[in-house]
Each structure stands twice: as structure tokens, then as C-alpha cells.
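Each chain is listed here by its residues.
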Amino acid sequence: AQSVTQLDSQVPVFEEAPVELRCNYSSSVSVYLFWYVQYPNQGLQLLLKYLSGSTLVKGINGFEAEFNKSQTSFHLRKPSVHISDTAEYFCAVSYGFNKFYFGSGTKLNVKP
Amino acid sequence: DGGITQSPKYLFRKEGQNVTLSCEQNLNHDAMYWYRQDPGQGLRLIYYSQIVNDFQKGDIAEGYSVSREKKESFPLTVTSAQKNPTAFYLCASSIGGGSLNTEAFFGQGTRLTVV
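(A) Representation of the sheet that holds strand β1 (residues 4-7) of chain B. All names here are of chain B. Ordered in space as β1-β3-β8-β7, the four strands form an open sheet in which the pairing is antiparallel. Both edges of this open sheet fall to β1 and β7 (64-66), since each of them pairs with a single strand only. Between one strand axis and the next, the sheet turns by 20 degrees as a mean value, whatever way the strands run. Pairing of β7 with strand β8 (residues 76-78) involves three bridges; the strand directions are antiparallel. Each bridged residue has a counterpart across the sheet, and for Y64 the counterpart in β8 is V78.

Printed below as a string of C-alpha cells:
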């Protein structure tokens, strides 16, 4: 079955420290990968997406992610987090023309 | 501005009542989706529609119904058969229509509480 696994449900980190949020997906020939951010009681906002081309994808708010086909991973990284990055982050996958599959989410808690 | 509008933002329902959540988009997208979000469970797909007058069940369709009479509208009805309806409901859309799904756009959500 097609699926997305986010290995960490919560990630605590101090302000200005680096962070990595992990995501693994079910392998397929064609895969399109996304990271979304959700603030409390709001919808999801796209951070970045991988459709093709360079495996290192840069997004908004200083986030980036690397597509690793051999490890079927798409981990999200930020070199220095800010208090305002506290939110829940969702990894998602699409296999082209149909629906999107979402992970269970990772809550990032940035501490001062 | 183009986007997805969900209404109302908060909704209270008595047990045994049906309630309808509204979702409207002006992005000219063919595909629309309804997700349910519960703490620690991520987003679970309720129903989706790839084109007007057609829709398919998602992973947790029991107790829900939808219609897609217009391209821009995809209302979700939570029926009395849904045993645990209290949740945050998110509507989304994507270009669909046989085109590559490059992104899903989300509304701001409706929080439904059964009282």
C-alpha cells in the first residue's frame, strides 16, 4: 500500500539550532513529494515540493529538503530555527494524477 | 484573491443531527478533497472528486456524504451515522483533470464539535 511515514511525532529543539524532520515514502516509479506546515486551527500551507530535477529543494522560511530515491526519503531541514517555526509539519506524496497521501505529522517545538 | 473558502470556521452539532460543511474554490481546479484531522493521526481522506458529478470514497467515508454539482463547490455532510464526528475538517483542491497534481491547496478548516 502506498504510504508516508513520519518517524518522529514530536521534535523539541532550541532556538537557533538546526533541525531535521524525517519522512519516508513507499517506493514508486514516479513520485512527487511535498512538505506542508500547519499552525494551530489553520489549514495547511505548502513549504516546498519535489516534482523533478535537482534533488535538493528549497522552500519558504529557510527550509529545504532532499529527495533520496535509494532510501525513499524526503527529510526536511533548517539550519537555524526560530520560535515562529513552532508548528506541525506534514510530509505528503502524490503518484502523479490522483490523490495525495499524508504522514501523521511532526510537531516542532522551538524553545527559547 | 484565488483560494479555498470553508465555512463555518466553528460548528456545533447535537447528537443525531446531520450537518453540512461548505467548501468553495475559485482556483478553477477539477479535483477536490475532504480530510479529517484528529490529534496524532494526521490527515485521513474522507471523499475526493476528480471531476464534476463524480466522487470516490476515501479511507474513512462511513457516516459522511458529499456532492459535486458544480466545479467550485464540494460540500460535506456529516450524518448521524458518523459515530465520532468531533474533529477538524479540511477541504483541499488540486488542478486534476488529467493534469499532473503539482500541489494541493487547503482551506482554513472547520472545527466540528458534537454537544
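(B) Local environment of the environment of F74(B). Residue and element names in this part refer to chain B. Looking at the element boundaries, F74 is found in the loop between β7 and β8. With relative accessibility at 0%, the residue F74 sits in the buried group. The residues contacting F74, other than those within four sequence positions of it, are C23, M32, Y33, W34, Y47, Y48, S49, F55, V66, S67 and R68.

(C) Focus on the interface of chain B and chain A. The interface of chain B with chain A comprises 25 residues on the first partner and 22 residues on the second. Seen at the junction of chain B and chain A, the total is one salt bridge. For E103(B), the salt bridge identified is with K49(A), shortest N-O distance 3.6 Å. In this structure, the connection of chain B to chain A is made through five residue pairs in polar contact (both at pLDDT 80 or more). Secondary structure elements with two or more residues in the side of chain B that touches chain A: β4 (31-37), β5 (43-51) and β9 (87-94) of chain B.

(D) Spatial organisation of a nonpolar patch on the surface. All names here are of chain B. There is a patch of nonpolar side chains on the surface, built from Y10, F12 and V115 and spanning about 370 Å² of accessible area. Secondary-structure assignment places V115 in the segment after β11 (110-114). By relative accessible area, which is 59% here, V115 ends up exposed.

(E) Examining the nonpolar core more closely. Residue and element names in this part refer to chain A. Core analysis: the biggest nonpolar cluster contains 28 residues, and W35, L48, L76 and Y89 have the highest contact counts within it. Looking at this core, the elements with two or more residues in it are β2 (10-14), β3 (19-21), β5 (32-38), β6 (44-50), β8 (64-68), β9 (73-78), β10 (87-94) and β12 (106-111). It is β10 that contributes the most residues to this core, four residues altogether. Excluding residues within four positions of it along the chain, Y89 makes contact with Q6, L21, W35, Y36, V37, L47, F63, L76, G105, T106 and L108.

(F) The arrangement of the packing of aromatic side chains in detail. On inspection of all chains with the given rule, the structure shows 15 aromatic pairs over all chains. Taking the centre distance of 5.4 Å and the plane angle of 65 degrees together, the rings of F34(A) and F100(A) count as edge-to-face. Of this pair, F34(A) sits in strand β5 while F100(A) sits in strand β11 (residues 100-102), placing them 66 residues apart in sequence. According to the relative accessible area criterion, F100(A) is buried, its value standing at 2%. For the pair F102(A) and F106(B), a centre-to-centre distance of 5.8 Å together with 80 degrees between the ring planes defines the contact as edge-to-face. Placement of the pair is F102(A) in strand β11 and F106(B) in strand β10 (residues 105-106), with the two residues belonging to separate chains.

(G) Inspection of the side chain of D8(A) at higher detail. All names here are of chain A. With respect to the helices and strands, D8 occurs in the loop between β1 (4-5) and β2. At a separation of 3.0 Å, a polar atom in the side chain of D8 contacts the side chain of R22. Once residues lying within four places of it in the same chain are set aside, the contact partners of D8 are R22, G105 and T106.

(H) Main features of the environment of L76(B). All names here are of chain B. Looking at the element boundaries, L76 is found in strand β8. The sequence separation of L76 and Y47 amounts to 29 residues, and the corresponding C-alpha distance is 8.6 Å. With near-sequence residues (within four places) excluded, L76 lies in contact with V19, T20, L21, W34, I46, Y64, S65, V66 and Y89.

(I) Focus on the state of the cysteines. Throughout the structure, instances matching the rule amount to two disulfides over all chains. The disulfide partner of C23(A) is C91(A), and the gap between their sulfur atoms is 1.9 Å. Judged by the sign of its S-S torsion, about -65 degrees, the cystine formed by C23(A) and C91(A) is left-handed. Linking C23(A) in the loop between β3 and β4 (24-25) with C91(A) in strand β10, this pair joins segments that are 68 residues apart in sequence. Under the relative-accessibility criterion, C23(A) is labelled buried at 0%. Bridging C23(B) to C91(B), the disulfide has an S-S length of 1.9 Å. Taking the torsion about the S-S bond as the criterion, the C23(B) to C91(B) disulfide, at about -75 degrees, is left-handed. Taken together, the positions of C23(B) in strand β3 (residues 19-25) and C91(B) in strand β9 put the pair 68 residues apart, joining distant regions of the chain. Note on accessibility: C23(B) and C91(B) belong to one class, buried.

Cut-off values and rules
Numbering of residues starts from 1 in every chain and runs along the sequence as written. Each chain takes a letter, starting from A, and each ligand takes a number, starting from 1, following the order in which they are written. Two thresholds apply to this predicted model, a pLDDT of at least 70 for residue-level local features and 80 or more for giving and counting side-chain atom pairs, whereas whole-chain, interface and lining totals are computed over all residues. Side-chain measures were taken over the full set of non-hydrogen atoms in the model, leaving aside hydrogen atoms and water. Only strands joined by at least two bridges in the DSSP assignment are considered to pair. Each helix corresponds to a stretch of at least 4 residues labelled H or I by DSSP, and each strand to a stretch of at least 2 residues labelled E; elements are numbered beginning at the N terminus. Only the contacting stretch of a helix is used when fitting its axis, a line to C-alpha atoms as for every element, and angles between N-to-C directions run 0 to 180 degrees. When a residue's accessible area, from a 1.4 Å probe over protein chains only, is under 20% of the maximum for its type it is buried; when over 50% it is exposed; and in between it is partly exposed. Should any heavy atoms of two residues lie within 4.5 Å, those residues are counted as being in contact. We define a salt bridge as a side-chain nitrogen of Lys or Arg found within 4 Å of a carboxyl oxygen belonging to Asp or Glu. For the purposes of these results, a polar contact is taken to be a pair of N or O atoms within 3.5 Å, where, inside protein, one atom must be able to donate a hydrogen and its partner to accept one; residues adjacent in sequence count only when each atom of the pair is a side-chain atom. Each patch is built from residues that are more than 30% exposed by relative accessible area and take part in no salt bridge. Like charges join if they lie within 9 Å; nonpolar side chains (Val, Leu, Ile, Met, Phe, Trp, Tyr) join within 5 Å. Residue burial considers only the protein chains on display, and all accessible areas are found by Shrake-Rupley using a 1.4 Å probe. Among buried residues, the Ala, Val, Leu, Ile, Met, Phe, Trp, Tyr and Cys ones that are joined through side-chain atoms within 4.5 Å form a nonpolar core. Under the pairing criterion, centres of Phe, Tyr and Trp rings, with the six-membered ring standing for Trp, must be within 6.5 Å; the plane angle then separates stacked pairs below 30 degrees from edge-to-face pairs above 60, leaving the rest tilted. Cysteine sulfur atoms that pair up within 2.5 Å are treated as a disulfide.

Just geometry here; none of it tells us what the structure is for.
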